[in-house]
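Here is how the chains run, residue by residue.
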Amino acid sequence: EGRLPQYQEDMLNQLGFLWGHIPRPWLNAFEMLAEFRNDFPNEWPAKDYNTPSGYPLGNWCVRQNQKHRKGNLPLECEDMLVKIGFDFGIKQKVT
């Protein structure tokens, strides 16, 4: 309990994740976004999109853009998002 499945840990290692530096809730949301992007590589979640488990992933993406604009997004988080193609210059699309 409390451990990621090995495939998720491997994926984070490939992205250069620094273990222990990013809060668990952020990491969980990032994993959901990475899975969304894996399932829909040409799409981003709409701002009102909730995952099947009910997590407001679209809203989380909007907040990452807001934090980035305000200079409040940790560099490690920004780097991870950029590696999966997150574009901080665009508005969230409605999918």
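Residues numbered from 1 in each chain as written. Predicted model: local features only at pLDDT ≥ 70, side-chain atom pairs only at ≥ 80, totals over all residues. Heavy atoms only, no water.

Draft legend 1. Structural context of the confidence of the model for the protein. Within the protein, residue pLDDT values average 86, and 87% of them lie at 70 or more. Averaged pLDDT values over the elements of the protein bottom out at 81 in helix α1 (residues 6-14) and peak at 95 in helix α3 (residues 57-70). (pLDDT = per-residue confidence, 0-100. Helix = DSSP H or I, 4+ residues; strand = E, 2+ residues; numbered from the N terminus.)

Draft legend 2. Quick look at the nonpolar core. Ranked by size, the top nonpolar core spans 22 residues in total, and within it Trp26, Phe30, Leu33, Trp60 and Leu81 carry the most contacts. The set of elements that each furnish at least two residues to this core consists of α2 (24-39), α3 and α4 (75-83). The leading source of residues in this core is α2, at 6 residues. Apart from the residues lying within four places of it in its own chain, the contact partners of Leu33 are Trp44, Pro45, Leu57, Trp60, Cys61, Leu81, Ile84 and Phe86. (Core = buried A, V, L, I, M, F, W, Y, C linked by side-chain atoms within 4.5 Å. Buried < 20%, exposed > 50% of the residue type's maximum accessible area, 1.4 Å probe, protein only. Contact = heavy atoms within 4.5 Å.)

Draft legend 3. Spotlight on α2. If you check α2, its first and last C-alpha atoms are 23 Å apart, about what 16 residues at 1.5 Å a residue would give, namely 22 Å. For α2, the set of buried residues is Trp26, Leu27, Ala29, Phe30, Glu31, Leu33, Ala34, Phe36 and Arg37. In this structure, the buried side of α2 is in contact with α1, α3 and α4. (Expected span 1.5 Å × (residues − 1).)

Draft legend 4. Layout of the packing of α2 against α3. The geometry of α2 relative to α3 is characterised by a closest axis approach of 10 Å and an angle of 110 degrees between their N-to-C directions. Comparing the axis directions of α2 and α3 gives the class roughly perpendicular. The crossing of α2 and α3 is left-handed. Residues Trp26, Ala29, Phe30, Met32, Leu33 and Phe36 of α2 touch α3, and the partners they reach there are Leu57, Trp60, Cys61 and Gln64. A class-by-class count of the residues in the contact of α2 with α3 yields 9 nonpolar, 1 polar and no charged. (Axes fitted to C-alpha atoms, helices over the stretch in contact; angles between N-to-C directions. Parallel < 35°, antiparallel > 145°, perpendicular 65-115°, else oblique. Left-handed = near helix turned anticlockwise from the far one by under 90°. Nonpolar A, V, L, I, M, F, W, Y, C, P; charged D, E, K, R; others polar.)

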